[in-house]
Amino acid sequence: MTRSFFARHPSVLVFIACLAFFTLLVTILSEGLGIGVISTSFVKTLGKTLCLCLVAIAMDLVWGYAGILSLGHMAFFGLGGYMIGMWLMYERTRDIVVTSLADVEIPPTPQEISDAIGNQIFGVVGSSDFPAVWAFAPSLPAQLALVVLVPGLLALVFGWLAFRSRVTGVYLSILTQAMTLALALYLFQNDSGLRGNNGLSGLQNLPGADTIPQSLISLWFLWGSALALGLGYLLLAWVVSGKFGSVIRGIRDDEARVRFLGYSVEGYKLFVFVLTAVIAGIAGALYYPQAGIINPAELAPIASVYLAVWVAIGGRGRLYGAVIGAAFVSLVSTWFTSGQVPPVDLGFYTINWVDWWQVVLGLSFVLVTIYAPKGIAGLFDLAAGRFPPRRHGAALGPDDGALREKEAEE
Amino acid sequence: MSTLLEVSGVSVTFDGFRAINNLSFQIGKAELRAIIGPNGAGKTTFMDIVTGKTRPDTGRVIWGDKSVSLLKMSEAQIARAGVGRKFQRPTVFEDQSVFDNLLLALKKDRGPFPVLFYRSSARDRERVEELAGEIGLADQLPRKSGELSHGQKQWLEIGMLLAQDPQLLLVDEPAAGMTLEEREHTTDLLVQAAKTRAVVVVEHDMEFVRRLNCKVTVLHEGAVLAEGGLDHVTANKDVIDVYLGR
Amino acid sequence: MRYLRAALAGLILLAVPLVAQQAPESGTPVQDLLQTHADQIAKSSRRTIQPVIDALVASGLPQIETVLATWQAREIWQRESDGLFFAATETDNSLFELTDFDTGEPIGAFPRDGLAQVKPNSGVQGLIATALVQFQLNSPDPAQRRQALDSLARAPDATLLAPLRASIEPETDPDIRARKQRLATLLTIAHDSNEAARIAAIAEVSGDLSVDVRATLNPLLSTHRTFAAADAPLAGDQNVARTLVPGRDIPVTEAYALLVAAGDAPALVSEGAIREALAVNIAEGRVGGVPIAALSDPEARNRAYDALAAAGAVPPRVDTAERDASLAAHRFYDVYDEPSAALTDAAQQALGSIETRVGINQALDLGLDALSLASIYFLAAIGLAITFGVMGVINMAHGEFIMMGAYTGYVVQQVIPDYTVSILVALPLAFAVTFAAGVAMERLVIRHLYHRPLETLLATFGISIALQQIAKNIFGTQARPLTSPGWLDGAWVLNDVVSISYIRIAIFVLALIFLTLFLFIMRHTRLGLETRAVTQNPRMAASMGINPDRVNMLSFGLGSGIAGVAGVAIGLYAKVTSELGQDYIVQSFMTVVVGGVGNIWGTLLGATMIGSLQKGIEWLNPSNTLAAQTYMIVFIIIFIQFRPRGIIALRGRAAGD
């Protein structure tokens, strides 16, 4: 069956091949293992971009295929980040504390170590006790399980409530936005137990890996992210390929009809919502160790809106569209907001791209919505076979180039 | 002939307007029935109640041999219990192929997980092709259903209903907007279907109803006005008043 | 101490005629008196000056008021040649005109060289001011008397009770008289030596909501913690407020700390102290016979410490059993500082009845707060109710229209300095600006996206992002002030508990105006009729000659325009930033959704509900407004479960499609 799956969906194989090629290319060009053309920080940026692509395909499943415009998936992404961040921060702090206490004349008791870690972590919010939510922080397997369970359970409870009361369309979008806002506001509180607006930091340091340079760690994460993206893509491509995909696209187009065919629409929506929330959580857990810091602002509703923007610009209803959108928009955004783009002097006013990029992004998003609802992927449909892949700007890096080439082969 | 569906004493009110008023209705296991009535008689609301879209204020809706109440079931559960519904406007999944549309409707386990792991077997594909043959779309299977003509969409929807293998088929104005030939084909489909199951057709068009040649129920202001053969009801004075008198 | 001072004051007052009689007939009694305390006056300090002031007042000389006033104003100068004190004023030619205190006559001008200014510091000045109060209380100038009462209210002083009471009778101004009586009552409660008078005074203020009453009563009920042996009776004169059970009313450690502080029990040895003691007593890799490596176990540490204690090197550990035994051997109390039980009971009772009334009034105040918040949400949401409810269009840039209105107000204030005029100009201008922006947006964007609600939502989000950034680029990230006119400053104060600021009242009125306006437009104008027609059946409306495009455009403009006006109103009490709109957008949507789409009354109810809910939660957990918002949103998500179509729901076949 697997062979026929790839035979029926060659784009999946092409995508996987491009992803593998891209990963290999970055590895060869990296500082850590290769010839050093790409800086470690850019490797991290590319690794993060892969995570964003992963959450984008999840978003595409829930929005592009099932028609649920969720403005909450970046919240699940952030929750995944928080879950892994708790372990990273705890272990890292424990290493430091144990090292510093090793010189003390009297060896420390477990309680003293725990207190010292608590002091280190929660000093910024004026506390030193471990809140209950940190109960599993010392255990990596437990926190890894939470990466999946916490977003999954939240999505399950919220989705169950929302779908069973038949909240649909824009109502559902607003409700998910409210959920995201509530979560962000909750995390902003100091007594939420997750360090309030300070968030969790120092996540780029892997515990027990002090001797390994960041240039190598960044590659590990790049590989991990690429693997996760590849597996996620395979999974979602498989999910949407069969009758299940047929059902959820039916739900998107005519929910009532699917219901009268005897499918429990709520169950399907819930399944998709929870599955994508879990994928978002995993993506977040891979993203934030590369970003190094997570705070509640990352969970703000606007982040989820941007996610929708990426998917819309890339092209809804096809997984590679979401990947293109996320990679293209996030990399271009990084480029514009990093101040590397030369300002445009109009004589009476100088356009500084750091200030004006948001405006351009917002307006181009409006234009895409009105004039190109199929997004970039739609443009490539037109161009496929006739034109060589177009590159939007030369400095985008191999990531986008690789994806473009795949597009041309579609 | 045993009863398949029994609706008794059902009333429903929308913002003070009584859409259905103490309505009672029965249909047997293999019966073709036409429901006619002027606009606002409650025809669509009646179907909404049977399929679970609208909850009545009072009354009972009893279904099948085991005499279960449909009122506590969701739309999807009612559909799985064997009630198929065709809407007034053709509603097929236009973005998907005719084949996919029929496969979607095929009577199978409807749960998310079985569906996720479902792969079509040769028998399923045969069944789909057979259905497509019945509705006259055998050579249209790979096409996107959005590209079909209006009549073809109507047939596809009827085909989807048949694929569901329901015991009761509720069909809302199947002949609207069809050419004469298309109507004949539709009539054949419905009459054929009614041999093995109950079929309720809601229709405005007397000519089409006459062609169906079945028992007729006349609805007016949410209640049954008359019931019987078409000639019988058209001779009924109340019916004439309602249809012509005003 | 208080009693001592009161008694002293009484004595001095009694002594007044005596001293006056004994004053020597030298002809210069004031100067003599000043000379008696010359050193303290010349170099005064807060700690030593009180007896001097008391003596001056006690002399009963009529000139003393002038002396004190001059002294307070730093206008007493000492002539260095003979050490005499004079009131001095500087004349034009840098000479000082000296005035004799006894006669009140000028004695001529002197150069600055021979004079030294008496400079009381602010502490001393304060004491002088207090002493002056009793003169001012009877001053012929009502302003002076009011001022005296103000300073007395600010710093109540036991010694002034008698002069205050004495000044009530001759008082002619009824207002001032009432204030004097009230102040006398409060002073009686706090400082009178007669218990019955105090209790009577307490009864008099029972149920009074003023803050000063509570400030007077509360100190009477101040307590301190104490204990006694379980079998010994409590010292007889102690006025016990309540008995404390360790572990229930008082933390065990705190109770034990009381015993330790009194020396009735050995101090607990903390874990930190144990570690330090162990560290000090390390010998050959072992402490108290326990190897150091084993000391990561708390049990091992205790063993090592106990060994050290047995050797007498450290004080012994107090274990839990011993601690509990010590606690059980004692009773713990809160004891009133005020010894008279009758007095504390009366104060307790009076405070109790005050608390009840305060509670009722707080609920009223909360209600007013909720109402004003609700009117803000209503204002912010009403425009949305039009675009979202009536037209089915999601405008995520609605918040940015609010922001645009607020910035319009700010810009107008930069041009027109008069705040009243500028607000009157800003309101219609903000409406015009956002109306134009709304129409432009409808024409350029939304028109293309009708029947694609999710995409409208996203496109307007794009606009929202762009508008926010543009505002940031133009006005910067710092908050811009939008100042309200002077007549909107201040608050309508009902009593010390209930008050509401005029701005909030104005916003409430504005909300009412817009509600009326909306109802009027919808029910009595052509636009309203056409809008309702287009809402219900656009095709039918179009076939009847209504141009749906025009209707959509106008109602979108109207909704946006109201957002602009709401922006000016919100800007008046919140800082204007580019993120202003974001703070209101989710609440506004919630308001519309909770209320029920397509119904202005629903929006009103939704705003009221969300406003009251938020205030209610804030009241339950006042320290944390973030939590209040979190819980409110969670509540709304749950509310949607039960009323998916809002409070006022459209029902029927059409509603489902």
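Treat the numbers as computed from the prediction; the structure is a model and nothing was measured. Position numbers for residues count from 1 along each chain, tracking the sequence in the order it is written. Each chain is given a letter, starting from A, and each ligand a number, starting from 1, according to the order in which they appear as written. Residues qualify for local features only when their pLDDT is at least 70, as the model is predicted, and side-chain atom pairs are given and counted only at 80 or more; totals for whole chains, interfaces and linings, by contrast, use all residues. The side-chain numbers reported here are obtained from all heavy atoms of the structure, hydrogens and water having been left aside.

### Topic: the overall build of chain B
When its secondary structure is counted, chain B shows 10 helices and 10 strands. The globule rule used for comparison is 2.2 Å times the number of residues to the exponent 0.38, while the radius of gyration itself is calculated over C-alpha atoms. Taken over C-alpha atoms, the radius of gyration comes to 18 Å for chain B, in line with the 18 Å a tight globule of 246 residues would show. Once the C-alpha set of chain B is aligned to its principal axes, its extents read approximately 55 × 40 × 35 Å. Think of it in three bands: residues with accessible area under 20% of the maximum for their type are buried, residues over 50% are exposed, and the middle band is partly exposed, with areas taken using a 1.4 Å probe on protein chains only. Within chain B, buried positions represent 55% of all 246 residues. Working definition: helices are DSSP H or I runs of at least four residues, strands are E runs of at least two. Numbering for both runs from the N terminus.

### Focus: the packing of aromatic side chains
In this analysis, rings of Phe, Tyr and Trp, with Trp reduced to its six-membered ring, are considered paired at centre separations within 6.5 Å, and the interplanar angle assigns stacked below 30 degrees, edge-to-face beyond 60, and tilted for intermediate values. In total, this model carries 25 aromatic pairs over all chains according to the counting rule given. Ring centres of Trp77 of chain C and Phe96 of chain C lie 4.5 Å apart, and the angle between their planes is 40°; this geometry places the pair in the tilted category. Residue Trp77 of chain C is found in strand E1 (residues 76–79), and its partner Phe96 of chain C is found in strand E3 (residues 95–99); the two are separated by 19 residues along the sequence. According to the relative accessible area criterion, Phe96 of chain C is buried, its value standing at 5%. Following the ring pairs from residue to residue traces out a cluster consisting of Phe244, Tyr263, Tyr268 and Phe271 of chain A together with Phe113 of chain B.

### Regarding the UniProt feature "transmembrane region" (unreviewed entry) in chain C
UniProt positions are given in the numbering used here, feature names are shortened, and annotations may be inferred rather than shown by experiment. According to UniProt, the positions carrying the feature "transmembrane region" (unreviewed entry) are residues 376–398, 419–441, 502–522, 553–573, 585–613 and 625–642 of chain C. A distance of 26 Å separates the end C-alpha atoms of residues 625–642 of chain C, which is 100% helix and 0% strand.

### Overview of the interface of chain C and chain A
Any two residues having at least one pair of non-hydrogen atoms within 4.5 Å are treated as being in contact. Counting from both sides, the interface comprises 49 residues of chain C and, opposite them, 50 residues of chain A. Buried area: the accessible area, evaluated with a 1.4 Å probe, that two parts lose upon being put together, summed over both parts. For the pair chain C and chain A, the summed buried area comes to about 4,400 Å², and 75% of that belongs to carbon and sulfur atoms. By definition here, a salt bridge exists when the distance from a side-chain nitrogen of Lys or Arg to a carboxyl oxygen of Asp or Glu is within 4 Å. Taken together, the links from chain C to chain A amount to 3 salt bridges. Here Arg301 of chain C ties to Glu112 of chain A by a salt bridge, and the two come within 2.6 Å at their closest N and O atoms. Here a polar contact is recorded for every N or O atom pair within 3.5 Å, except that within protein the pair must consist of a potential hydrogen donor and a potential acceptor, and residues adjacent in sequence are included only if both atoms are side-chain atoms. Summed over the shared surface of chain C and chain A, the number is 6 residue pairs in polar contact (both at pLDDT 80 or more). Gly is placed with the polar residues, together with every amino acid not listed as nonpolar (Ala, Val, Leu, Ile, Met, Phe, Trp, Tyr, Cys and Pro) or charged (Asp, Glu, Lys and Arg). Broken down by class, the residue content of the side of chain C that touches chain A amounts to 34 nonpolar, 10 polar and 5 charged.

### What about the domain arrangement of chain C?
Residues and elements named next belong to chain C. Domain boundaries in chain C define domain 1 (2–136), domain 2 (144–220), domain 3 (223–340) and domain 4 (361–656). The source of the domain bounds is an automatic or database domain assignment. Here domain 2 and domain 4 have C-alpha centroids that lie 50 Å from each other. Across the boundary between the two partners, domain 2 contributes 5 residues, which contact 4 residues of domain 4. Both faces considered, domain 2 and domain 4 share a buried interface measuring about 290 Å² in area, 63% of it formed by carbon and sulfur atoms. Summed over the three residues of domain 2 that lose the most area to domain 4, namely Leu209, Val211 and Arg214, the buried surface amounts to 91% of that side. Seen at the junction of domain 2 and domain 4, the total is 0 salt bridges. Counting across the interface, domain 2 meets domain 4 through 0 residue pairs in polar contact (both at pLDDT 80 or more).

### A word on the sheet that holds strand E7 (residues 240–244) of chain C
Residue and element names in this part refer to chain C. One open sheet accounts for 3 strands, arranged E6-E10-E7; its pairing is antiparallel. Strands with a single pairing partner mark the edges of an open sheet, and in this sheet they are strand E6 (223–229) and E7. Recorded for the sheet is a direction-independent mean angle of 30° between the axes of neighbouring strands. For two strands to pair, DSSP has to find at least two bridges joining them. The sheet contact formed by E6 and strand E10 (residues 330–336) spans 7 bridges and is antiparallel. Its bridge partner being in E10, Phe227 is matched across the sheet by Phe332. Note on definitions: angles span 0 to 180 degrees between N-to-C directions of axes, and those axes are lines fitted to C-alpha atoms, for helices only across the stretch in contact.

### Structural notes on the side chain of Arg197 of chain B
Residues and elements named next belong to chain B. Counting through the fold element by element, Arg197 comes out in the loop between helix H7 (180–193) and strand E8 (198–202). For Arg197, a relative accessible area of 12% translates into the label buried. Among the polar contacts made by the side chain of Arg197, one reaches the side chain of Asp165 at a distance of 3.1 Å. Polar side-chain contacts of Arg197 include one of 2.9 Å to the backbone oxygen of Pro166. Setting aside anything within four residues of it in sequence, one finds Arg197 in contact with Lys29, Ala30, Glu31, Leu162, Asp165, Pro166, Gln167 and Leu169.

### Section: the confidence of the model for chain B
Close reading of the predicted structure is inappropriate where its pLDDT is low. On average, residues of chain B carry a pLDDT of 83, and 98% of them reach 70 or more. Per-residue pLDDT, averaged within each element of chain B, yields its smallest value for helix H10 (residues 237–245) of chain B (73) and its largest for E8 of chain B (89). Per residue, pLDDT captures the predictor's confidence, and it can take any value from 0 to 100.

### A closer look at the pattern of salt bridges
As enumerated under the stated definition, the model contains 43 salt bridges over all chains in all. Two residues, Glu255 of chain A and Lys269 of chain A, come together in a salt bridge whose shortest N-O distance is 3.0 Å. You can see Glu255 of chain A sitting in helix H10 (residues 255–260) and its partner Lys269 of chain A sitting in helix H11 (residues 265–291), a full 14 residues away along the chain. Given the relative accessible area of 18%, Glu255 of chain A is considered buried. Notably, a salt bridge pairs Asp175 of chain C with Arg146 of chain C, separated by 3.7 Å at the nearest N-O pair. With a gap of 29 residues between them, Asp175 of chain C in helix H9 (residues 174–191) and Arg146 of chain C in helix H7 (residues 142–154) connect regions that are remote in the sequence. Residue Asp175 of chain C is classed as partly exposed on the basis of its relative accessible area of 44%. A relative accessible area of 32% places Arg146 of chain C in the partly exposed class. Through salt bridges with shared partners, one network takes in Arg166, Glu255, Arg259, Glu266 and Lys269 of chain A together with Glu75 of chain B.

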